[in-house]
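What follows is the residue order along each chain.
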Amino acid sequence: MIKHWLRFMYPFILLLLLCGCWNRVEMNEIGVISATAVDWKDGKWIVSYQLVIPQAISSHSGSSSRSEAPVNVFSTEGASIRQAIGEASREMSRKLYFAHNQIVVVSESAARKGISAILEIYMRNPDAREMVSMFITKGSSRKLIEQLLPIEKIPGNAIQRLIENEAGNNSLYPDMTLYRVLLDLLGPEQATGIPELTIAGADEPLNSLESLKTTSTKSKIRLGNLAVIQGDQLKSWLSQEDAAGLMWLTDEVGRVTIGFDCSKEQNGPKNSAAIVSKATTKHKPELSADGRVTMRVTVKANGSLLEYACPHKLTEPEIVKQIERRIAEEIEAEMMKSWHAVQRIETDIVGFGTVVNRAYPKQWKAMRTEWNQNLTDLKLEVKVTFNLTRVGFSTRNFKDAQNSE
Amino acid sequence: MFFGKRSKATQQPLSAGTTDASKSDRKTNPFTPSLKTNLDALNQLLGHSSDLSSRSLGSPLAPDITMSILYLGDLVDDTKLNEHVLRPLLSSRLQSDLRSNDLVELIGERVIEIGSTSVSVSLNECADRLLEGYCLLLIQEAACGLLIDIREIKVRQVSEPSAETVVRGAQISFNESISTNLNLLRQILRSPSLHVEEMEVGSETRTQLALIYLDGVASSDTVNTVRSRLQAIQISSVLDSGYIEALIQDKGYTPFPTIKNTERPDAVAGGLLEGQIAIIVDGSPFVLVAPVTFFQQFQSPEDYYIRFDIATFLRLIRYAAFIISMTLPSLYIAVTTFHQEMLPTTLLITLAAQREGIPFPGLVEALMMELTFEILREAGVRMPRAIGPAISIVGALVLGQAAVDAGIVSAGMVIIVSFTAICNFVIPQLNMAIAARLIRFLFMLLAGMFGLMGIIAGVLAVMIHVVRLESFGVPYMSPLAPFSWSRMKDTFIRAPLQKLIKREPHKVFQPDNKQK
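Residues numbered from 1 in each chain as written. Chains lettered and ligands numbered in written order. Predicted model: local features only at pLDDT ≥ 70, side-chain atom pairs only at ≥ 80, totals over all residues. Heavy atoms only, no water.

(A) Representation of the overall build of chain A. Helices and strands together make up the secondary structure of chain A, namely 14 helices and 13 strands. Here the C-alpha coordinates of chain A stretch approximately 85 × 60 × 60 Å along the principal axes. The proportion of buried residues among the 405 residues of chain A is 49%. Sequence-distant contacts in chain A: of pairs separated by 6 or more residues, those separated by 24 or more amount to 70%. Total accessible area computed for chain A in this model is approximately 20600 Å², and 52% of it derives from carbon and sulfur atoms. Across chain A, 49 positive and 47 negative side-chain charges occur, with their mean positions spaced 5 Å apart. (Helix = DSSP H or I, 4+ residues; strand = E, 2+ residues; numbered from the N terminus. Buried < 20%, exposed > 50% of the residue type's maximum accessible area, 1.4 Å probe, protein only. Contact = heavy atoms within 4.5 Å. Areas by Shrake-Rupley, 256 points an atom, 1.4 Å probe, with all protein chains shown as cover. Lys, Arg positive; Asp, Glu negative; His and termini not counted. Charge placed at Lys NZ, Arg CZ, Asp CG, Glu CD.)

Okay, here's the thing in structure tokens:
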């Protein structure tokens with residue numbers, strides 16, 4: 001009988017050995033890190049951590065609201081990143097817990113040195129997640145994670161929500177999670193763009209609860225330019241204007257507001273706006289006999305009118321057609337502008353290499369080595385169709401309605 | 001009905017004589033023609049009990065013959081004794097010159113105004129009947145006695161069900177008397193195919209029990225199994241149907257009940273109509289129903305009285321509550337002490353803030369709170385009704401609020417424990433709820449030691465255990481394992497009644513449903 005039971009229990013005993021990452025640790029023995037910043041200085045990695053202080057955030061019954069900062073930032077340094085993290089145990093009472101790390105901010109100096117060290121630890125270790133959003137910053141990265149954000153309690157969390165909100169509702173930059181950075185850098189082009197995180201406003205950090213007690217803050221966190229990474233190093237920067245069309249070229253657009261000129265003569269300011277609610281981009285590469293690649297990019301988008309500054313009646317189909325044409329032209333212009341910028345920096349951050357690789361796997365091997373240098377030879381043909389699905393509640397501009405009576 | 005059956009049983013020894021092997025040794029104690037000897041012998045048999053009343057009387061029926069009436073004063077109905085036994089005897093206008101045994105028979109047939117009378121020649125039988133509340137008439141020179149059924153059975157009024165309440169449906173429950181219970185059941189099922197087999201268990205208590213089934217609906221194999229298991233019972237006393245449940249259930253230890261008990265006549269009738277077998281035990285308001293599957297214990301009779309959509313919803317809630325009451329504390333322990341990465345960041349921060357300053361590890365904290373609750377619950381059942389509110393206040397305020405304020409336990413743990421406890425009350429069968437309570441502690445220990453992996457191992461072990469269980473030949477997890485589409489209509493969901501009545505009831509509990 002005992003033997004029978006033992007045999008019955010074997011699978012369960014073996015099951016208990018299976019678990020890879022179990023280790024009992026109480027919640028009040030871990031220090032939850034919500035953001036990390038990586039710097040390279042004097043041949044050493046400097047890693048800064050944003051440590052969450054739970055009591056300061058969760059208003060616990062009994063204890064009154066404490067005037068304690070919600071996070072604590074500190075740095076350690078070492079020859080390798082994990083070594084620097086290991087150093088932290090000399091100054092921390094708790095085990096650092098990276099599973100809830102939301103963002104990693106890399107300084108320009110570290111990005112120029114190469115981000116492969118960071119990617120390596122994220123690929124190797126189970127405690128760090130690939131869903132962490134990555135940012136590059138000019139200057140010290142520690143300053144970024146010291147910054148408090150109004151409304152939000154955990155700054156690291158808030159910055160991730162900021163980029164998610166931006167990518168979903170007004171697509172300028174995609175949310176570059178570590179996973180996507182890895183995919184891009186391991187892909188055929190070995191290039192990617194990572195948004196820059198910057199502190200705008202006065203050089204006065206928002207790092208105390210006192211500084212949040214006013215209605216307007218002296219400085220704030222905002223997204224800046226786009227850092228272009230080639231291989232594993234920072235190669236150059238693209239301005240927001242230059243980067244605006246990249247999302248269209250890479251089929252990343254979620255929702256985005258487009259300004260356009262509605263006048264018939266097309267000479268006025270871009271004082272009307274439409275929102276794109278759905279957009280798809282299709283790539284079709286064509287390899288000609290002389291080895292030149294023509295990339296045909298077709299964009300289909302639809303959206304609704306948000307703001308209209310012209311006196312035309314929107315009940316007339318021609319007017320709607322004209323608006324659609326204007327918006328399509330705007331989108332096309334943005335795409336071409338970004339494309340020229342990509343050609344200028346000779347880095348294929350739009351992933352055309354992958355597209356060509358898929359369509360012409362044999363020829364790609366020959367093209368691959370010189371691909372980024374030969375981007376100028378690539379001919380881009382863009383075709384945008386925009387479909388205005390709604391014009392909103394009114395069919396006339398307000399001023400026009402006022403004048404007609 | 002019950003009395004009719006009963007008198008048949010009393011006649012049995014007369015007709016069957018001494019062929020009844022089991023009692024033959026006690027039957028070798030016959031009457032003698034001497035009244036005094038007989039009285040002494042009976043007094044001897046009943047241990048000179050002080051509540052044995054005897055009275056001699058002379059009847060105008062046969063003025064020269066001494067008669068004696070014996071009864072246990074606490075067990076007989078005085079009115080019946082006076083009005084229907086003594087008065088006819090004392091004021092009989094019948095004259096007879098019959099003597100001895102013939103006179104006894106004559107009195108039984110023509111004088112006594114009671115339905116059930118019988119002549120007995122065995123002193124032992126007479127002693128047994130006296131203990132049941134019969135009175136015994138002895139006559140000078142007769143070597144037999146006349147047993148007259150004037151029992152008075154103390155019965156609690158039939159009342160509302162206390163353990164299984166429903167909003168809609170009959171508000172009546174069984175009581176402690178087997179005859180009342182059979183009466184209630186017959187009132188619902190007036191079918192001639194409702195078979196009742198009575199038997200007696202317990203050498204000291206001689207408890208009556210009735211095996212009930214619907215002939216043609218219940219599988220005869222199952223009926224035979226139940227009957228033979230009942231007959232095989234060797235025990236001196238049976239004080240509740242729980243004894244019978246423990247003695248006839250399938251072999252092998254399991255925390256899961258394989259016999260259902262209910263105090264609702266409609267639930268028993270429903271079970272009988274589905275081919276189950278009911279066992280009523282005298283002295284217990286809880287009637288046993290078998291065979292029963294895991295899923296049937298989550299069904300309430302009310303499921304069939306209310307609309308099918310809400311019945312389905314409630315059923316799913318009960319299953320969910322069962323799973324929660326078994327696993328929630330262990331999941332909480334596992335996630336908060338092993339797998340913090342599984343929680344959303346804000347939830348982790350909230351929970352971590354609550355845990356700041358708590359001196360115990362999560363497992364200890366959970367065990368402490370669970371045990372506290374179990375103690376409170378047991379106190380609630382045992383304590384006198386009058387101090388109930390006091391315990392509630394102590395339980396809710398002192399142990400809940402104060403423990404959190406004092407930083408002994410975290411607020412999250414209090415929520416988890418109380419929600420688990422409430423979920424446990426949702427399960428209609430108390431026995432099933434008890435199984436969940438016990439397994440919860442096992443899971444908590446596993447979670448405290450091995451995290452989610454431990455819980456998975458525990459869940460698998462429980463699953464393997466339940467699919468191996470059988471209740472009187474019916475697989476415990478049917479109709480899920482072995483699977484049956486047609487019976488799914490009344491397992492997780494309760495299909496509309498039109499769909500259900502197409503089901504052939506007697507197919508449900510055939511043991512040959514078993515997968516080979």
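(B) Looking closely at the interface of chain B and chain A. Contact with chain B, which involves 36 residues of that partner, is made by 30 residues of chain A. Across the chain B/chain A interface, buried area totals approximately 2900 Å², and carbon plus sulfur atoms make up 67% of it. Looking at the side of chain B facing chain A, the largest losses of area belong to Glu 341, Ile 349 and Glu 356 of chain B, adding up to 21% of the total buried there. Joining chain B to chain A, the criterion identifies 2 salt bridges. A salt bridge links Glu 26 of chain A to Arg 355 of chain B; its shortest N-O distance comes to 3.5 Å. Where chain B meets chain A, there are 12 residue pairs in polar contact (both at pLDDT 80 or more). Elements with a contribution of two residues or more to the side of chain B that touches chain A: α10 (308-337), α11 (345-355), α15 (430-450) and α16 (452-468) of chain B. Looking at the side of chain B that touches chain A residue by residue, the class counts come to 19 nonpolar, 12 polar and 5 charged. (Buried area = accessible area lost by both parts, 1.4 Å probe. Salt bridge = Lys/Arg side-chain N within 4 Å of Asp/Glu carboxyl O. Polar contact = N/O pair within 3.5 Å; in protein donor to acceptor, adjacent residues only side chain to side chain. Nonpolar A, V, L, I, M, F, W, Y, C, P; charged D, E, K, R; others polar.)

(C) Structural view of the pattern of salt bridges. With the rule as written, the count across this model stands at 38 salt bridges over all chains. Beyond isolated ion pairs, a larger network of salt bridges with shared partners links Glu 125, Arg 129, Glu 132, Asp 149, Arg 151, Glu 200 and Arg 206 of chain B.

(D) Up close: the state of the cysteines. Applying the stated criterion across every chain, the model contains 1 disulfide over all chains. Paired by a disulfide, Cys 262 of chain A and Cys 310 of chain A hold their sulfur atoms 1.7 Å apart. Its torsion about the S-S bond being 85°, the disulfide of Cys 262 of chain A and Cys 310 of chain A is classed as right-handed. You can see Cys 262 of chain A sitting in the loop between β10 (256-260) and β11 (272-287) and its partner Cys 310 of chain A sitting in the loop between β12 (293-307) and α11 (317-345), a full 48 residues away along the chain. Of the two residues, Cys 262 of chain A and Cys 310 of chain A, both sit in the buried class. We note that Cys 135 of chain B lacks a disulfide partner, and the nearest cysteine sulfur, in Cys 126 of chain B, lies 11 Å from it. (Disulfide = S-S within 2.5 Å.)

(E) Spatial organisation of unusual backbone geometry. For the peptide bond that leads from Ala 290 of chain B to Pro 291 of chain B, omega is -10°, which places it in the cis range. A cis geometry characterises the amide bond from Ala 481 of chain B onward to Pro 482 of chain B, with omega recorded as 0°. As for its position among the elements, Pro 482 of chain B is in the loop between β12 (474-475) and α17 (485-488). At Ile 151 of chain A, a position not held by glycine, the phi torsion is positive, near 65°. The topology assignment puts Ile 151 of chain A in the loop between α6 (142-146) and α7 (155-169). According to the relative accessible area criterion, Ile 151 of chain A is exposed, its value standing at 84%. Phi at Phe 472 of chain B takes a positive value of approximately 50°, unusual for a residue other than glycine. Relative to the elements of secondary structure, Phe 472 of chain B occurs in the loop between β11 (470-471) and β12.

(F) Representation of the environment of Asp 250 of chain B. Residues and elements named next belong to chain B. In this fold, Asp 250 is placed in the loop between α8 (241-248) and β8 (260-262). Each residue touching Asp 250, except ones within four places of it in the same chain, is listed here: Arg 229, Thr 258, Glu 470, Ser 471, Phe 472 and Gly 473. Within the structure, the side chain of Asp 250 is placed 3.5 Å from the side chain of Arg 229, a separation counted as a polar contact.

(G) Up close: the pairing of strand β2 (residues 44-52) of chain A. All names here are of chain A. With 8 of 9 residues buried, β2 lies mostly within the body of the structure. Note that strand β1 (residues 30-41) and β2 share 8 bridges and pair antiparallel. Looking at the pairing, Ile 33 lines up with Leu 51 of β2. Where β1 hands over to β2, the hairpin turn is made up of 2 residues, of which Asp 42 adopts a positive phi near 50°. As paired strands, β2 and strand β3 (residues 71-78) are joined by 8 bridges and run antiparallel to one another. Residue pairing in the sheet places Gln 50 in a bridge with Val 73 of β3. (Pairing = 2+ DSSP bridges.)

(H) Here's a closer look at the domain arrangement of chain B. All names here are of chain B. Once the domains are mapped, chain B shows domain 1 (2-149), domain 2 (178-294) and domain 3 (308-468). For the pair domain 2 and domain 3, the summed buried area comes to about 890 Å², and 71% of that belongs to carbon and sulfur atoms. The largest contributions to the domain 2 side of the interface with domain 3 come from Phe 256, Pro 257 and Phe 294, which together make up 58% of the buried area. At the junction of domain 2 with domain 3, the criterion picks out 0 salt bridges. One can count 3 residue pairs in polar contact (both at pLDDT 80 or more) joining domain 2 with domain 3. (Domains from an automatic or database assignment.)

(I) Just the sheet that holds strand β6 (residues 194-201) of chain B, in detail. Residue and element names in this part refer to chain B. Strand order in this open sheet of 5 strands is β6-β7-β9-β10-β8, and the pairing throughout is antiparallel. Single-partner strands in this sheet number two, and they are β6 and β8. Pairwise comparison of adjacent strand axes, ignoring direction, gives a mean angle of 25° for this sheet. Bridge count between strand β9 (residues 277-281) and strand β10 (residues 287-290): 3 bridges; the pairing is antiparallel. When the bridges of β10 are listed, Ala 278 appears paired with Val 289. (Axes fitted to C-alpha atoms, helices over the stretch in contact; angles between N-to-C directions.)

(J) Structural context of the sheet that holds strand β5 (residues 145-149) of chain B. All names here are of chain B. One open sheet accounts for 5 strands, arranged β1-β2-β4-β5-β3; its pairing is antiparallel. Looking at the sheet topology across the chains shown, the edges are occupied by β1 (52-58) and β3 (117-120). Each neighbouring strand pair of the sheet contributes to a mean axis angle of 25°, computed without reference to strand direction. Pairing of strand β4 (residues 134-139) with β5 involves 5 bridges; the strand directions are antiparallel.

(K) Representation of helix α5 (residues 123-132) of chain B within the structure. All names here are of chain B. Extensive coverage of α5 is indicated by the burial of 8 of its 10 residues. Three or more residues of α5 are buried, namely Leu 123, Asn 124, Glu 125, Cys 126, Ala 127, Asp 128, Arg 129 and Leu 130. Count one or two residues on from α5 and you reach Gly 133, which has phi positive near 115°.

(L) Local environment of the domain arrangement of chain A. All names here are of chain A. On domain assignment, one finds that chain A holds domain 1 (27-238) and domain 2 (248-405). Of the residues lining the interface, 20 residues belong to domain 1; the matching set on domain 2 comes to 22 residues. Considering only the side of domain 1, the residues that lose the most area to domain 2 are Pro 188, Glu 189 and Leu 238, jointly responsible for 38% of the buried surface there. Along the contact surface separating domain 1 from domain 2 lie 1 salt bridge. Across the salt bridge formed by Glu 252 and Arg 180, the nearest N and O atoms sit 2.7 Å from each other. Between the two partners, domain 1 and domain 2, sit 12 residue pairs in polar contact (both at pLDDT 80 or more). Secondary-structure elements contributing two or more residues to the side of domain 1 that touches domain 2 are α7, β7 (191-201), β8 (219-230) and β9 (233-238). Top contributing element to the side of domain 1 that touches domain 2 by residue count: β8, with 4 residues.

(M) Representation of α15 of chain B. With 21 residues, α15 of chain B ought to run about 30 Å at 1.5 Å a step, and its terminal C-alpha atoms sit 30 Å apart, in line with that. Of the residues one or two after α15 of chain B, Gly 451 of chain B is the one with positive phi, at around 70°. (Expected span 1.5 Å × (residues − 1).)

(N) Structural detail: the packing of aromatic side chains. Per the stated rule, a full pass over the model turns up 17 aromatic pairs over all chains. Considering the side-chain rings of Trp 40 of chain A and Trp 45 of chain A, the 5.0 Å spacing of their centres and the 65° angle between planes classify their relative orientation as edge-to-face. Relative accessible area serves as the criterion here: at 24%, Trp 40 of chain A is assigned to the partly exposed category. What links up through ring pairs into an aromatic cluster is the set Phe 256, Phe 294, Phe 295, Phe 298, Tyr 319, Phe 322, Tyr 476 and Phe 492 of chain B. (Phe/Tyr/Trp six-rings, centres within 6.5 Å; stacked < 30°, edge-to-face > 60°.)

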